[in-house]
Amino acid sequence: MTVFQSWGRIPSVRQDTFFPKWRNTLAIGDRDSLLLPYGRGRSYGDSCLNDGQTICVTSRLNHFIHFDREQGILRCESGVGLDEILQLVVPYGWFLTVTPGTRYITVGGAIANDVHGKNHHLAGTFGCHVTAFELLRTTGERLCCSVTENAPMFRATIGGLGLTGLITWAEIRLKKITTSFIDSETIRFENLAEFFVLSEESDRDWEYTVAWIDCLAQNTSLGRGLFMRGRHSEQLMLKSGNTRGRRLSIPVNAPGFLLNQYTIRLFNEIYYHKNRKKQCASHAHYEPFFYPLDSIDNWNRMYGRRGFYQYQCVIPLADGQAIIAALLTTIAVSGMGSFLSVLKRFGDIASPGMLSFPRQGVTLALDFPNYGDKVLALFEQLDNLVMDANGAVYPAKDARMSAEAFQHYFPQWRDFSRYRDPGMSSSFWRRVTGE
Ligand SMILES: Cc1cc2nc3c(=O)[nH]c(=O)nc-3n(C[C@H](O)[C@H](O)[C@H](O)COP(=O)(O)OP(=O)(O)OC[C@H]3O[C@@H](n4cnc5c(N)ncnc54)[C@H](O)[C@@H]3O)c2cc1C
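Described below are features of the structure shown in this document.

Calculation criteria
- Residues numbered from 1 in each chain as written.
- Predicted model: local features only at pLDDT ≥ 70, side-chain atom pairs only at ≥ 80, totals over all residues.
- Heavy atoms only, no water.
- Core = buried A, V, L, I, M, F, W, Y, C linked by side-chain atoms within 4.5 Å.
- Buried < 20%, exposed > 50% of the residue type's maximum accessible area, 1.4 Å probe, protein only.
- Contact = heavy atoms within 4.5 Å.
- Pairing = 2+ DSSP bridges.
- Helix = DSSP H or I, 4+ residues; strand = E, 2+ residues; numbered from the N terminus.
- Axes fitted to C-alpha atoms, helices over the stretch in contact; angles between N-to-C directions.
- Expected span 1.5 Å × (residues − 1).
- Phe/Tyr/Trp six-rings, centres within 6.5 Å; stacked < 30°, edge-to-face > 60°.
- Salt bridge = Lys/Arg side-chain N within 4 Å of Asp/Glu carboxyl O.
- Near = heavy atom within 4 Å.
- Polar contact = N/O pair within 3.5 Å; in protein donor to acceptor, adjacent residues only side chain to side chain.
- Areas by Shrake-Rupley, 256 points an atom, 1.4 Å probe, with all protein chains shown as cover.
- Nonpolar A, V, L, I, M, F, W, Y, C, P; charged D, E, K, R; others polar.
- Parallel < 35°, antiparallel > 145°, perpendicular 65-115°, else oblique.
- Left-handed = near helix turned anticlockwise from the far one by under 90°.

Grouped together as the largest cluster of nonpolar side chains are 114 residues, with contacts concentrated most on Ile85 and Tyr409. Non-local contacts of isoleucine 85, meaning those with residues more than four positions away in its chain, are made with Phe64, Leu74, Cys76, Val80, Leu96, Val107, Ile172 and Leu174. Listed in part, the 9 residues of the second largest apolar core include Phe18, Leu26, Cys56 and Leu136.

Dropping the structure here:
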């Protein structure tokens, strides 16, 4: 067995690995341990881990099958990365219809977490643009799934945390673009109320919107930050899928003393004031706009050997402002904030997956260095606020939510269980359901 960690580096587990190669002849049954598909481990917690059992790593299921350049339909194996897709399709004037904040994830991982991006208000989730996939169960059964064929299994697998079977290939619908550039604006806002006004206004005619917030600001500055909005540019020519700019790397684990409330507060203060003007415009390649963190290899080492947690929740819009204010106040008072705090409004396009996390409301995502028990106690407080507001916490980012909290956020989990492949499980699933 090998020691594994996911992106947040909490927890460490020991598990066996299995690397399937040929999708047509592949068999995943006949094992004496439970199996879990694994993409690139860019989930933060334990939903991609399978302590004491086996993971099925899809890195060799990495072939393109068909690209219809006229219609923008792409069929590929599930281990193909979003980075590889962009490299192939951008020069032909196509783009991912939905992309998360990193391109270093696989198609299988994007479907299993039904990931979302900065255009949720207009495009919904990744799963909304999946037209079909093949699911291989541990019984050897192969199911072709789409909205018309094996539809319940299609819905269970999108956002299904890899528990319904192994997706061998998938077909996705792309989005037409004329250039690989993004026109964007960054606007400084003074508090949470201003965020909500800007967000409502911008979501009407900007394709991509998101805000960075200073999670340690309090009182009249509570929720202050920088609002970013962008759209695909119609000027300039198409360039290659990925730029070849110089990459930064965090070579070793940062020492623990670098991360404390003073350095984090200083970073937030400087970042908030990085633009001298209240509003700035830019015209740049899509990479820094969508994937700012991808330019720093191993940035998760910045949090040191002990790793870090991410807490991402969604709150229904009706109570959005009041609950986000309560969450931010609780975090600011604790002094345990982070560098990277993101706020975004989700739109009303229903997620196709039974267990999908995105729903209409406002989503807040924050990183927290691993401060041990005191940060876990803070998360309990945040969970209570989210549960009372009928919100939810994102399993893809979680390493610690209780079974009670999960079952409150996702009451449909029992229905979903009927579609789970009995030969599959994960550390997360055992933790939150006991199954
Ligand atoms: C910097 C950064 C930014 C991020 N930004 C966002 C964001 O904006 N929005 C967002 O939604 N998420 C975001 N994420 C989370 C990330 O997009 C998801 O966790 C994604 O699912 C990881 O994909 P992966 O290929 O690494 O899969 P893994 O993390 O290895 O696995 C994720 C899940 O997919 C399942 N799975 C993988 N392959 C298959 C397959 N072939 N068949 C069936 N199941 C499979 C696994 O069992 C597991 O449950 C971000 C992560 C990072 C590190």
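Within the open sheet, the 8 strands sit side by side as E15-E11-E13-E12-E18-E19-E17-E20. Their pairing is antiparallel. Two strands bound the open sheet, and with one partner strand each, they are strand E15 (279-285) and strand E20 (392-393). Pairing of strand E12 (residues 208-213) with strand E18 (residues 341-346), which is carried by 2 bridges, proceeds in the antiparallel orientation. Note on E18: the bridge partner recorded for alanine 211 is leucine 343. Against the sheet, helix H8 (residues 320-334) makes contact with E12, strand E17 (308-315), E18 and strand E19 (361-369), and its axis sits at roughly 10° relative to E19, the strand it touches most.

With that settled, consider helix H9 (residues 373-388). The end-to-end C-alpha distance of H9 is 23 Å, a good match for the 22 Å that 16 residues give at a rise of 1.5 Å each. Looking only at H9, the buried set comprises Val375, Leu378, Phe379, Leu382, Asp383, Val386 and Met387. Elements that come into contact with the buried residues of H9 comprise E17, H8, E19, E20 and helix H10 (403-409). Phi turns positive, to about 60°, at asparagine 390, one or two residues after H9.

The next thing to look at is the packing of aromatic side chains. One pass over the full model with this rule turns up 27 aromatic pairs. Pairing phenylalanine 195 with phenylalanine 196 gives two aromatic rings, centres 5.1 Å apart and planes at 85°, and the pair type is edge-to-face. As far as the burial class goes, phenylalanine 195 and phenylalanine 196 line up, both buried. Here the aromatic rings of phenylalanine 368 and phenylalanine 379 are separated by 5.1 Å at their centres, their planes lie at 80°, and the arrangement is edge-to-face.

Pairs can form between side chains of opposite charge once their charged atoms are near each other. Per the counting criterion, the structure on display carries 18 salt bridges. With a closest N to O distance of 3.1 Å, arginine 103 and aspartate 294 form a salt bridge. Of this pair, arginine 103 sits in the loop between strand E7 (94-96) and helix H2 (107-112) while aspartate 294 sits in the loop between helix H7 (286-290) and strand E16 (296-297), placing them 191 residues apart in sequence. The same class applies to arginine 103 as to aspartate 294, namely buried. Here the salt bridges do not stand alone but share partners, grouping Asp46, Asp383, Asp398, Arg400 and Arg431 into one network.

Turning our attention to the site of the ligand. Residues in close proximity to the ligand total 34 residues, the closest being Pro37, Gly39, Ser43, Thr106 and Tyr394. A distance of 2.6 Å is found between an oxygen atom of the ligand and a backbone nitrogen or oxygen belonging to proline 37. Contacts to the ligand include glycine 101, whose backbone N or O atom sits 3.0 Å from an oxygen atom. Look at the ligand: alone it shows 980 Å² of surface, and the protein chains cover 96% of it. Broken down by secondary-structure element, the contributors of at least two residues to the shell around the ligand are strand E3 (35-38), H2 and strand E10 (166-176). For the shell around the ligand, the class distribution of residues is 16 nonpolar, 15 polar and 3 charged.

Running from N to C, helix H5 (residues 192-205) and H8 point in directions that differ by 140°, and their axes come no closer than 10 Å. As judged from the angle between their axes, H5 and H8 are oblique. Where H5 crosses over H8, the handedness of that crossing is right-handed. Every residue of H8 that contacts H5 at Leu192, Ala193 and Phe196 is listed here: Gly320, Gln321, Ile324, Ala325 and Leu328. A per-class count over the contact of H5 with H8 returns 6 nonpolar, 2 polar and no charged.

Moving on: the side chain of threonine 97. Note that threonine 97 resides in the loop between E7 and H2. In this structure the side chain of threonine 97 is engaged in a polar contact, spanning 2.7 Å, whose partner is the backbone oxygen of arginine 173. Excluding residues within four positions of it along the chain, threonine 97 makes contact with Asn119, Ala123, His129, Arg173, Leu174 and Lys175.

None of this, on its own, says anything about what the molecule does.
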